[in-house]
Structure formats: C-alpha cells, structure tokens
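Examining the three-dimensional arrangement
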Amino acid sequence: MTAFAQGLLEGERPEAVPGFAAELRRSGRTTFEALGLPSTRLEDWRFTSLAPLAAQDFVPGDPGAAVSLGEIERLAGPRTGPRLVFVNGRMRPDLSSATGLPDGAFVGSLARALRERPALLEGHLGRVASLDGQALAALNTALLADGAFVYLPSRAVAAEPLELVFAGGAGSKASASEPRVLVVAEPESDCTVVERYVALGPSPVLTNAVTEVALGDGARVDHYQVQDQPANAFHFAFVAAEQARGARFQTHSTALGAAISRSDVRVRLAGEGAQATLVGLYMTDGNRLVDNHSVIEHAKPHGTSREVFKGVLDGQSRAVFGGRVRVLEGAMKTDAHQTNSNLLLSRDATVDAMPQLEIYADDVKCGHGGTVGQLDPDSLFYLRSRGLPLSHARSLLIYAFAREMVELVRPAGLRDQLGRLVAARLPDGARVLEAA
Amino acid sequence: MSSQDHEHSPLLRVEGLHARIGDREILKGLSLRINAGEVHAIMGPNGSGKSTFAGVLAGRDHAEVTAGTATLDGKDLLAMPPEERANAGLFLGFQYPVEIPGVGNLYFLRTALNAQRKSRGEEELDAVDFLEFAKDRMKLVEMDPAFMSRGLNEGFSGGEKKRNEVLQMAVLEPKLAILDEIDSGLDIDALRVISKGVQALRSPTRSTLLVTHYQRLLEYVVPDFVHVMAGGQIVLSGGRELALELEKKGYAWIDEEAKRGAWAVPAQVSP
C-alpha cells in the first residue's frame, strides 16, 4: 500500500456508526489494502498513471477549517436554492441551508442520517457502488464518515435543484477528503442533484468522491457534477446508479480543472424500460489529464441509454475515454448509443478513446461514434473574413463545440453558470458568452 | 495625399499578382483596378483561378502569394490578416458558406459588425439598435427572421446560404464586395432576390467584384466592366457586351487562345 493512503487511514477518526456501516468500512479497508492504488497494468488504468499522486503525502483535510459563506459563494456562486456545504467531506450546518423540501424528504448530512434514520440507508449504502475491483471507491468506503444523503419518498418531487458543494483543502499541507453521496429516489419521485467540487486554498487537494443513486420504479434523477478544481488538484469521482423499471437517470459531468481528473460511472438498467443519459464535458490544458470511464449495463428489455462526451484539449494535455456498454442476455429491444468527440487545439494534445460494446442479447440497437479533430480552418477563415480577430474566432468555435453539453443542463441557473465557467477558459470568453 | 488625388486613385489596385497552391502556380501575373462605385465582373472557365483570386484578396491562406501587390484604398492588403482586410472594407461572399452550429446567426452578424466598428473607433451597436438595423436589411434580401435564431448557416439550403451572404454584406456595408459565384446553384427566383440585394447596395462609394461562370447574373446586376480570366491572368477586358459574347461563343476559344500563347503579355485592363 502506498504511503499516502497509510497516512489517511491512520488519520481516520472512527466514530460510532450502525453495524452495517462499520462493516462497510471494514470491507472497504480490506479491499483497498488488497488492491492498492490502481496501476497502469490494469486495463482500465492503462493510460492514467497515478505516480504523481503516490509521490505526495496527504493529510486528512480539516472539516472544521474556518470558511466563510462569502468564500463559498465566491467559489461556487451565490446560493439559489437548497444548498449543503461540505468542508473536507463533512457537512457544515453553519454554511448550509435546505428549506422548501417535499414532505417526508431528507436532504442533509449522511452522518446524521446514519445516527437518526439508519433504516433509510441500509440496503442502499455501499450496495449500489460495488467495490469489486474499485480501489479508490474502497478507500472512500474505508474512510466513510459523512457526506450527503438525499431521500425522496414515493411521488415526492423536489422542485428546486439540491446543491451539494464540496470544498476541500484550506490548510498549508496537501490534504485529502472522501466525499460520499447517497441518493435514494423512491418510485415516481423526481429530483435534481448538483455536486460541485472546489478547493479552498492553494495547497494541493485530493478529492476521492463516491456517489450512489438508487432509483425506484418510474423515478427520475437528474444528476450533475461540476469539477472546477485548481490545476494542482487530484480528483476522483465514482458514480454508481441502479435504475428500476421505467426509471430515468441523467448524469452530467463537467471536468474543468485538476492535474488528474478521473471519473468512473457505473449505470445498471436493472428494470424494464429504464432510460439512462450520460453526458460529459472536459477541458484540459498544460500537462493535465482527464479520464472518463463508464460502464452501462442493460439488464432488462426496452432500455435506452445515451452517452455523449466532448472534450477540448490544449497544450500537452491528455484525455482518456473508456465507454463500455453491456447488453445482458434477455435485454432485447435495448437501444444504446455512445459518442466521444474531441477538439484538439494543439499538436501535442492526445486522446485515447476506447468504445466497447458487449452484446449478449438479440434484437438490439447499439452504436458508437466520435471524432477527434482540430478547429476547422474554413470556419476560422469565414469568421475572420467578417472582421472577427483570430482569438475571438477561435473562442467562438470552441464554445460552439462545447455548447451542446452546456445546453443539456436542465436547470437554467446551472446552465448559465456552466456557460460562464466554460467561457472563462477561453481567451475571448466574455465576448463569446453573448452568443448564448 | 489630397482628397482630390484620392478620388483618382483606384479603390482596388492589383498588380502582377502571382500565387500558387502547393507546386501549382494558379495566378500568373494578374492585374486589375477597380474604382469607387464601379461594378466589375470576372468571368472565365473552371480552373482559371477566379476563386483563388477572390480568396487571396480576402486573406485565405490556401494559396501562397509569390509576387505582385494588392492594395485597397492604398493600404497593402497582402500584409493584413483576414480580419484587418474586413475592417478595411473588404467583403468576400463565399461560394460555399460554411455551416457553424452553435454560433447564432444574429449574434454573429452583430459581433462581426461591432468588431469592424470597434476597429474603426466607432461605437458598438447594442442588441436593440442592431436588431432594428438587421431587420431592415433582412427585408432587402427577403430573409425570414426565423433564420436568424438558427446556427450560422445551419441547415440552410444553397439559396438560403447565398441570401445570408448578401445579408451579411448589407449589414457590414463594405467598400469592396467580392462575390464569388454568388449565383451558383440558385433558381431564378433566388437569383432575382439576391441580385436585387446586390443592386440595392450599389453606390458611388462602394464597388463590387462579381466572380461568375455564367452571364445570367449580369442581366440583373449590370456590370460596368467585364474581364475574362484564363490561365491565371486577365486576358481580355471590355464592357457588358463581352459577357454576351462569351455566352454565345463559350469559353473554349479563350482556352485555345491561351494555349497558343496569345496572352503571353497580360492584357491592359485599366478601365
């Protein structure tokens, strides 16, 4: 096991949790100790070396760090609805506010839910996200302490997006946090969950997040992750969802920062007629690396999945896309499609894309596509011939490419915010935004 | 330079222009002068270098200029990037306008106009003022305002794209509009609308260079001068009647003459 994880595991502050949660921690620790940090010898980690991570020491981030509401708003924008703020993985009631929730819903601290409502979590926590071969998710589980718990009873509709802001760092040393999110959406319920990841200070932060989403029959969950970490951060996000009959799930990730940003999504369409949408936008430059892996498993008939990932790469940055779609025996009339398109702004940027279809059922419609290309010289010339300076023309074309992903964001406030974040990464971003 | 002199110097002056694409020389000593207020047409067989010439003037980097000069209002066009040429008052209407989904038509028009205004030290138009101005120009080319909320040329038919080119010209009000086969692929109604737009923008201070394969457009936009291009040069210049003659005789005889070397010395084209 690497020294960095040893430090984290020693720094663990165990506290009383129900038996099933204590058991989860133990199995997380056993799994992580058996697997160790993923190496490039593993097929899923072939292009993503964690050597820069293993070379650093991380201390557990301080959950009690002095953080003002003003600082949170500067990093994540002003609060527009229910917002829970987590500092180094622990919920901070002094910075959080969640009102106007539907009757019977729970939106709050996972630690509190474990103390007060364990029955709501048991059977979901640690089940949706299988630790099988997942070292980082296992580490998160070994250190399970707090996070967000969202529970929606049958037919409950949360009108406003539930925003979870995870702020890491704040000290002078490189620090780690292990955010955990569990969403349990009972049949016919409907909610939007937005996770935002930001760093509080200049020291490197390691964020190792796990999100589990359990959707009952006909439930709908619209899930977003916005990763806007500084360039010295390490970011890992594991998202697992299980969908019952007719459930609709969208998970939309935006990766804008971090030295290494890795996302693993596992979606299981466990009931008939479920619909899953996976959307991802990433922008990298310098020597940064962003890696998106996903497995969509169609287990029952008449399921639909759509996966669209788009990346903009500059400098010597790298992107990895590994998208596997598995159609199990009996899952006939499955309709699955994935695309991964990349815009390379520099000759030194590289993309490794590995779409994979594994089909064990008859009568299915599955496909994949994608492109790796540069800014179209004819389009650039067209824009410049009308008087647009080169940097403006380039920004406009990059934004036009990324915009499709921004427009798939349903909540208007988040969509605008995301548009601004994307534009802010472009040389002529301010002008480009008017295009929206 | 006094304003008197200025009036007598041509708006566009091209002298001995040579350009090549890869190893192939496409323009072989082309010269042309266009005065303010004039409409010129360049005609010629396919492959004679017409479109290359239009692209070179607008700053397209597919061809490399190896010799010669080109000035607009006395300014060295060849030293400027495409956007500066646009700001100096040059407009190229594309033979094949690109589609750019994700960039709104109306937004693009305003951005282009404001980029040019800014470069000239003029105040930028706000969205409201611009919309009013743009609506007026849309009428000129009978453009359905619904097109304006779409992506730039996105899903436009060939005719709609050409109409959009003329709309852009009408909004940007260039000193010199070079329209590269603006008539290709148009039915007779679309041709009439586009011609009307081009015709409406004629003024004593604005010049137009029509690049075309067919005489048809010239029935609607009657040129002051017609030039025939062959083998990378202008080989013959004349008035409106030259276009009619070409229509009757075709281009074959031009090619024949060119092959015989009849135009080893470029024809004097100064009108």
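Attention shifts here to the domain arrangement of chain A. Residues and elements named next belong to chain A. Domain annotation of chain A identifies domain 1 (3–271) and domain 2 (376–436). A separation of 31 Å is found between the C-alpha centroids of domain 1 and domain 2. Contact with domain 1, which involves 12 residues of that partner, is made by 10 residues of domain 2. Mapped by element, the contributors of at least two residues to the side of domain 1 that touches domain 2 are β9 (190–199), β11 (220–227) and β13 (248–255). A total of three residues in the side of domain 1 that touches domain 2 trace back to one element, the largest contributor, which is β11.

This next bit is on the packing of helix α4 (residues 105–119) of chain B against helix α5 (residues 127–140) of chain B. Residue and element names in this part refer to chain B. Contact geometry of α4 with α5 gives a least axis separation of 11 Å together with a crossing angle of 105°. The angle between α4 and α5 places the two elements in the roughly perpendicular class. Within the contact between the two elements, α4 uses L106, L109, R110 and L113 and α5 uses A127, F130 and A134. For the contact of α4 with α5, the residue count by class is six nonpolar, no polar and one charged.

Residue and element names in this part refer to chain B. Interaxial distance between α5 and helix α6 (residues 158–172) falls to 9 Å at its minimum, and their mutual angle equals 135°. As summarised for this structure, α5 and α6 are arranged oblique, according to the angle between their axes. Note on packing geometry: the crossing formed by α5 with α6 is right-handed. Only L167, A170 and V171 of α6 make contact with α5, whose side of the interface consists of A134, R137, M138 and L140.

Our next topic: the pairing of strand β3 (residues 39–43) of chain B. Residues and elements named next belong to chain B. In terms of burial, β3 is largely enclosed, as five of its five residues are buried. Of the two faces of β3, both are covered, the one formed by V39, A41 and M43 as well as the one formed by H40 and I42. Sheet analysis places β3 next to strand β10 (residues 207–212), joined by five bridges and oriented parallel. Looking at β10, one finds that A41 is bridged to L210. Sheet topology places β3 next to strand β11 (residues 225–230); four bridges connect them, and they run parallel.

Before going further, it helps to spend a moment on the sheet that holds strand β2 (residues 24–34) of chain B. Residues and elements named next belong to chain B. With antiparallel pairing, four strands are arranged side by side in an open sheet as β2-β1-β4-β5. Each edge of the sheet is formed by a strand with only one pairing partner; in this case those strands are β2 and β5 (75–76). Pairing between strand β4 (residues 64–72) and β5: two bridges, direction antiparallel. Pairing of T71 across the sheet is with D76, part of β5. Across the face of the sheet, helix α2 (residues 50–58) comes into contact with β1 (12–21), β2 and β4 while running at roughly 70° to β2.

Turning our attention to the environment of R112 of chain A. By the secondary structure assignment, R112 of chain A is in helix α5 (residues 110–116). Each C-alpha atom of the pair R112 of chain A and V205 of chain A lies 25 Å from the other, and the pair is 93 residues apart in sequence.

Cut-offs and rules
- Residues numbered from 1 in each chain as written.
- Chains lettered and ligands numbered in written order.
- Predicted model: local features only at pLDDT ≥ 70, side-chain atom pairs only at ≥ 80, totals over all residues.
- Domains from an automatic or database assignment.
- Contact = placed C-beta atoms within 7 Å.
- Helix = DSSP H or I, 4+ residues; strand = E, 2+ residues; numbered from the N terminus.
- Axes fitted to C-alpha atoms, helices over the stretch in contact; angles between N-to-C directions.
- Parallel < 35°, antiparallel > 145°, perpendicular 65-115°, else oblique.
- Nonpolar A, V, L, I, M, F, W, Y, C, P; charged D, E, K, R; others polar.
- Left-handed = near helix turned anticlockwise from the far one by under 90°.
- Buried ≥ 20, exposed ≤ 12 C-beta atoms within 10 Å, placed from the backbone.
- Pairing = 2+ DSSP bridges.

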